[in-house]
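Analysis of the macromolecular model
Below, each chain spelled out in residue letters.
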Amino acid sequence: MNKLLKQSINFLVITFITGSYAQSKMHFDQSKPIEERITLLMSKMTLDEKVGQMNQYNGSWDFTGPLPESGSEEEKYEHIKKGWVGSMLSVRGVKEVRAVQKIAVEETRLGIPIIFGFDVIHGYKTLSPIPLAEAASWDLEAIKKSASVAADEASASGLNWTFGPNVDISNDARWGRVMEGAGEDTYLGSKIAMARVKGFQGEKLDANNTIVSCAKHFAAYGYAEAGKEYNSADMSTSKLYNTVLPPFKSALDAGVRTFMNSFNTLNGIPATGDSFLQRDILKGAWGFDGYVVSDWASIKEMVTHGYAKDGADASAKAVMAGSDMDMESHLYVKELVKLVENNTVEERFIDDAVRRILRIKFELGLFDNPYKYCDDVREKATIGNKAINEAVLDMAKKSIVLLKNDSNLLPLKKSGQKIALIGALAADKNSPLGSWRIAADDNTAVSVLEGMQQYKNNQLVYKKGTDVSIGKQLFVQEVKINSDDFSGFEAAKKVAKSSDVVVMVLGEVGFQSGEGRSRTELGLPGNQQQLLEEIFMVNKNIVLVLNNGRPLALPWAAENIPAIVEAWQLGTQTGNAVAQVLYGDYNPSGKLPISFPRNVGQCPIYYNQLNTGRPVNKEKNVFWSHYIDVEKTPLFPFGYGLSYTTFKYENLKLSKSKYKRGETVELSVEVANTGNLDGKEVVQLYINDPVASIVRPVKELKGFELVELKKGETKTVKFSLTDAELGFYNNDGDYLIEEGTFNIMVGGRSDKGLTDKFELK
Ligand code: NOJ
C-alpha cells in the first residue's frame, strides 16, 4: 500500500475513534500520559516522518542569516522542513536554536520539535576541569554540581541534550580520551557516572535548566588495542561485565535517558551493529527505554570495518541491532524507508526507535513548549556568571593532586620570596581549557601567571624558557610543544638561578589529549624535559606543575624534583586554583584516578590486575612476572595523592570475622590528622577474593569516603560491604557470590594500607 494512502487511513481511523479532528491533536494534551500521547502522534506519522525522527544532523551554519550555498547544508534545511530531522547537534545559542526549532515546529506537517545535542563534556562556555581531573577529586557532590552548572549554562544557550558523561573505563595512558572519562577504576567510575548523570539531568528533566544526558560509548571503546584511537577491542565476557559495563549500568540507575554507541568493534562486531550489547543487555536485561544514538558516522563506518556491504546493509544492521538515531551518517534518512518497503527491515524496529526518541522529547516537555530553552534574557544572565565561575573554581581546586612535596617546599611563602615562573604553559590562557571546549572562547582561562600575580608580596618573574605552538583549531592534525627552539633557555636559567624557588609549568597542551590524540610517548613533549633538567642544574628548589590530559611517565622528575603538583587542564579558573594551592590557601586532597606509568612500555598498567602464577621473585631468577629493565609497579599508583598535612590510619575493625551470604559486612577505621593543617583525606577500601571460580583482581576498590579533618582531629570512618560489592560476573554473565576468605585493605592509596580478612559462608 502506498504510504501516503496508509497514512491517510491511519488518520481517518484515529479521527473516527476519537470522534473529532481536535482530538487527533491530542498528543499536545498535557493531561494525557506520555505513552498515550506518543501512540496518538505516531499514528499520524508517515514512515518518512518516523525515519526523520531517527536522523541527526550536525549544524554548522547560521540559520538566522542567509542560507549557505553549499548543497548539503541546503539539503539539511530542506530535510528539516519536511520533518526528516529529529535532532541536531552542535547548533547552539538561543538565536540559532530558536531559528531551527521554528522551522521544525512551524513549518513541518506535524510540528515535532527537534532535540538539540552538544558535547558538554566539562562545561559549556565556562569550563570546569577535564573529566579525568574532576575524577581526581573523588568528591561526588562537587562532580554532580559541576555537571549541574554545565547543564545550567548549556540549557541557557538553547541546548537540551549533552553527549556526556563519557563513562568509558580505560587504563591506557596512550589513549587520548582518557582525559574524558573517570579513569581506570570501575567502582569509582560508576559512582562518578551516577553523579554526572544526576548533575546534568537534575530532579526534573522538564525544567529549563537541566539537560538529557548520554552515557557513552557503549561499549568497550576505552579498551582500544594499544591505546590507538578507534582501534578494535577484544575481551572476555567476564571483563566486559565486571569492568566495562558497570558504569553504564550505574548511569542507567541514575536515570540516564540516552546512550551513545561506539566506533570500535568488540570481539569482531562493531558496537553500532551489536545487538548483544544494545538489544540483549541494554534494552533487554537492563530494561532501558530511552534511545541510543550512534556515534558520528559510526553506522556508515560499519562498511569500512568490513561488517556491512553498503550503506543500506549498514542501516539495516544498525537499526535491527538497536541503534535508534543516526548521527551524521546520513544513511537512515536515505535507506530506511526503502528497507522497510522492500521488507528487509520490519517496521516494528522503526516504531520502537521512534517511540523511544519521542518519549525523551515528551519528557523534556518539548511538545508543551518547544522554545523553553530559548530565553535570551536567561542566556545573557547565565553564561559565564559568577556562580558558575565559583563552582568551576571550587571543582578545579578539588581536582589538583599533590604528587610530591619533599621538605615541605610547598606551600610557598606568601612574602619575601623571589619566585621564577618558567614554562610557556604558565602564561597560556588557551591550553588550560583542555580538549572538548567547542563553545568556549579561545584564551579565556585564567593562566597560572595571572593567578600567581594576585599574590603580590613576592617578586615573581616569568620566563617561558621554551615555546608552545598550539594549533588554535580543534581538529588540527598536529599540536606540539616546540622541540627545537632553545633560545629561551638561557634567560630562564638566569632568572631561576637568582630565585628562591622555581615554579615550572610543563606538560601537554590542551589539544594533545582528547579524541584522535593517541600518543606513543608519555614524557614531556618537545624540549621541556631538557629545560627542566637544565633549570635543575642551577636551582634545585623546583615546584613542577603538570598540565596534562593523561598520565605522563616522568621518572626523572619523580626522583629529582622536590615538589610535583598534578594540575591537569583545569578549565576557565585554572590559574586561580593553581595559585591558591601553591600558596596554601587551599590544601590539596586529590587522589589519582588512574595509575601513572614509569614508561610507556608498562601500558596498560592498572592497580586491579589479575594475579599471575608467578607474581613474586621467590627464587631470585628471571622466571617471574616482571620487566628486566624497569620495576613493574607504577610511578604513582591509583588512589595516590598527598596533602599539606599528614594522616594516620589505625584500628581497622570488622564487626565479625565470619559472615553469611546476604549479610552486610561492617567495618570501621580511625583516621587522624597528624599534621599542622586542616585537611581532607580520601579513605579507600579495597577487597580481594583470593580463591574464586574466575580469578579475581589482586585488589578492587569497593568503598571510599572523603573526610574532612581539622588538625589533631580523629574520625571513625565506617564502610559496609554487601552482595553488590562481594560478587562478580563469570564468563556467562552470571553474577556469583562465592564463599571463602576475603582480604580487605583500608588506606589512603591503592598500594598500602591496614589489612584484615573475613570469611563468607
Ligand atoms: C564523536 C565522539 O566520539 C563523541 O563522543 C561525540 O559526542 C561526537 N563525536 C559528537 O561530537
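Quick look at the structure, then. Per-chain numbering applies: the sequence of each chain, read as written, is numbered from 1 onward. Thresholds applied to this predicted model are a pLDDT of at least 70 for local features of residues and 80 or more for the giving and counting of side-chain atom pairs; totals over whole chains, interfaces and linings are not thresholded and use all residues. Side-chain numbers come from the whole structure's heavy atoms, not from hydrogens or water.

Let's talk about helix α22 (residues 574-582)
Cut-off, in case you're wondering: We call a residue buried when its accessible area falls under 20% of the maximum for its residue type, exposed when it is over 50%, and partly exposed in between, using a 1.4 Å probe and counting protein chains only. Numbering of helices and strands runs from the N terminus; a helix is a DSSP stretch of H or I covering at least four residues, while a strand is a stretch of E covering at least two. Whether two residues are in contact is decided by their heavy atoms, any of which lying within 4.5 Å being enough.
Counting buried residues along α22, nine of its nine residues qualify, which places the element largely inside the surrounding structure. Along α22, the positions that sit buried rather than exposed are Thr-574, Gly-575, Asn-576, Ala-577, Val-578, Ala-579, Gln-580, Val-581 and Leu-582. In this fold, the buried residues of α22 make contact with α17 (386-399), α18 (448-453), β14 (501-507), β15 (542-547) and β16 (563-566). Once α22 finishes, Gly-584 follows within two positions and takes phi at roughly 80 degrees, a positive value.

Some words on the packing of aromatic side chains
Selection criterion: Aromatic rings from Phe, Tyr and Trp, with only the six-membered ring used for Trp, were paired whenever their centres fell within 6.5 Å, and each pair was classed as stacked if the ring planes differed by under 30 degrees, edge-to-face if by over 60, and tilted otherwise.
Overall, the coordinates contain 27 aromatic pairs when judged by the stated rule. Ring geometry for Trp-175 against Tyr-221: centres 5.0 Å apart, planes inclined by 85 degrees, an arrangement best described as edge-to-face. In this pair, Trp-175 is assigned in the loop between β4 (161-162) and α8 (186-201) and Tyr-221 in the loop between β5 (214-218) and α9 (237-244), connecting sequence segments 46 residues apart. Take Tyr-221: its relative accessible area is 0%, and that puts it in the buried class.

With respect to the sheet that holds strand β3 (residues 115-118)
Sheets are built from strands that pair by backbone hydrogen bonding, the pairs being arranged parallel or antiparallel. Basically, it comes down to this: Whether two strands pair comes down to DSSP finding at least two bridges between them.
Spatially, β4-β3-β2-β1-β10 is the arrangement adopted by the five strands of the open sheet, whose pairing is parallel. On the outer flanks of this sheet lie β4 and β10 (326-327), each paired with one strand and no other.

A word on the site of the ligand
The following threshold applies: What makes a residue near a molecule or strand is one non-hydrogen atom of that residue sitting within 4 Å of it. Polar contact is the term for a pair of N or O atoms within 3.5 Å; when the atoms are in protein, one must be able to donate a hydrogen and the other to accept it, and sequence-neighboring residues count only if both atoms are side-chain atoms. For the area figures, the Shrake-Rupley method with a 1.4 Å probe applies, and any residue is considered shielded solely by the protein chains shown. Asp, Glu, Lys and Arg are counted as charged, while Ala, Val, Leu, Ile, Met, Phe, Trp, Tyr, Cys and Pro are counted as nonpolar; the rest, among them Gly, fall into the polar class.
Neighbouring the ligand are 13 residues; Asp-119, Arg-177, Lys-216, His-217 and Asp-295 lie closest to it. For the ligand, an oxygen atom lies 2.7 Å from a polar atom in the side chain of Arg-177. In the complex, 94% of the free accessible area of the ligand, which totals 290 Å², lies under the protein chains. By residue class, the composition of the shell around the ligand is seven nonpolar, one polar and five charged.

Details of the nonpolar core
It is characteristic of soluble globular proteins that their nonpolar side chains tend to be buried jointly. As a reminder of what qualifies: For the purposes of this section, nonpolar cores are sets of buried Ala, Val, Leu, Ile, Met, Phe, Trp, Tyr and Cys residues that join through side-chain atoms within 4.5 Å.
Counting residues in each nonpolar core, the largest one holds 79 residues, and the members touching the most others are Leu-412, Met-452, Val-503, Met-504, Val-543, Trp-568 and Leu-582. If one sorts the elements of this core by residue count, β14 sits on top with six residues. If sequence neighbours within four positions are ignored, Val-503 has contacts with Leu-412, Ile-419, Ala-420, Leu-421, Ile-422, Met-452, Val-543, Val-545 and Leu-582. Cys-214, Ile-299, Ala-308 and Val-319 belong to the second-largest nonpolar core, a separate cluster that totals 47 residues.

The values are spatial; any link to function lies outside them.
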